[in-house]
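Working through the structure, step by step
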Amino acid sequence: MTQSEIAEVLSQPLSRELLHRDLCRLAYVAKDGTPRAVPIAFAWNGTEVVLCTSKNAPKLHALKANPAVALTIDTESHPPKILLIRGTVELDVVDGIPDEYLQMNGSYEMTAEQRVEWEREVRSLYDGMVRIVVTPTWAKLIDFETTLPSAVQELADRRAARQRSARQEAVQHAGAELQA
């Protein structure tokens, strides 16, 4: 997938809406070779997805060994809206709390007082963090109205072909009866 095709998917209004959510699911291969999918807060900076984690997180060893990841950002309503992103990560160790970490937790339902307490707790817990910066190499938006998962789209196309064929047969059968 080209960068312009990725940008086209990620610039769609629904993609932009999903990219402003707080949580995604990060999928990667752990050091033992087994798959992992973990919920994690994220921020979108316009070209990259930024995740932040503690400097001692086990996923960092796995991401250093294999920087290929997949992200899923979705809704809980029907029909689901799903943004799928594949990419590669770069790890950036920083002192203190990255701005993205504080930004990415903005839509949780917290009162102003809870927000102050949460930020105080975060600042007292972490002396630094690791920014996991995902550069998208592939993206797909699924809304179940204009776009479907590829397997479902294949089934829908087959059904449409069967229906067209049945209509053609019915027209031919009716034409044959009229001639008889």
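Our subject is the structure listed above.
A few words on the side chain of threonine 75. Looking at the element boundaries, threonine 75 is found in the loop between strand E4 (68-74) and strand E5 (82-95). Given the relative accessible area of 15%, threonine 75 is considered buried. A polar side-chain atom of threonine 75 sits 3.0 Å from the main-chain amide nitrogen of lysine 81. Dropping the residues within four chain positions of it, threonine 75 is found in contact with Leu18, Arg21, Pro80 and Lys81.

Here we take up the packing of aromatic side chains. Applying the stated criterion to the full structure yields 2 aromatic pairs. Pairing tyrosine 101 with tryptophan 118 gives two aromatic rings, centres 5.9 Å apart and planes at 25°, and the pair type is stacked. Residue tyrosine 101 is found in helix H4 (residues 99-103), and its partner tryptophan 118 is found in helix H5 (residues 112-125); the two are separated by 17 residues along the sequence. Over the ring of tryptophan 138 we find arginine 86, and its NZ or CZ is 3.7 Å from the ring centre.

A separate point is the nonpolar core. Ranked by internal contacts, the top residues of the largest apolar core, which has 28 residues, are Leu51, Leu71, Leu83 and Val134. A total of 5 residues in this core trace back to one element, the largest contributor, which is strand E6 (residues 128-142). The residues contacting leucine 71, other than those within four sequence positions of it, are Cys24, Arg25, Leu26, Val49, Leu51, Leu83, Leu84, Ile85 and Val134. Judged by nonpolar contacts, the second largest core, of 7 residues, contains Val50, Tyr101, Leu102 and Met129.

What counts as what
- Residues numbered from 1 in each chain as written.
- Predicted model: local features only at pLDDT ≥ 70, side-chain atom pairs only at ≥ 80, totals over all residues.
- Heavy atoms only, no water.
- Helix = DSSP H or I, 4+ residues; strand = E, 2+ residues; numbered from the N terminus.
- Buried < 20%, exposed > 50% of the residue type's maximum accessible area, 1.4 Å probe, protein only.
- Polar contact = N/O pair within 3.5 Å; in protein donor to acceptor, adjacent residues only side chain to side chain.
- Contact = heavy atoms within 4.5 Å.
- Phe/Tyr/Trp six-rings, centres within 6.5 Å; stacked < 30°, edge-to-face > 60°.
- Lys NZ or Arg CZ within 6 Å of the ring centre and 35° of its normal.
- Core = buried A, V, L, I, M, F, W, Y, C linked by side-chain atoms within 4.5 Å.

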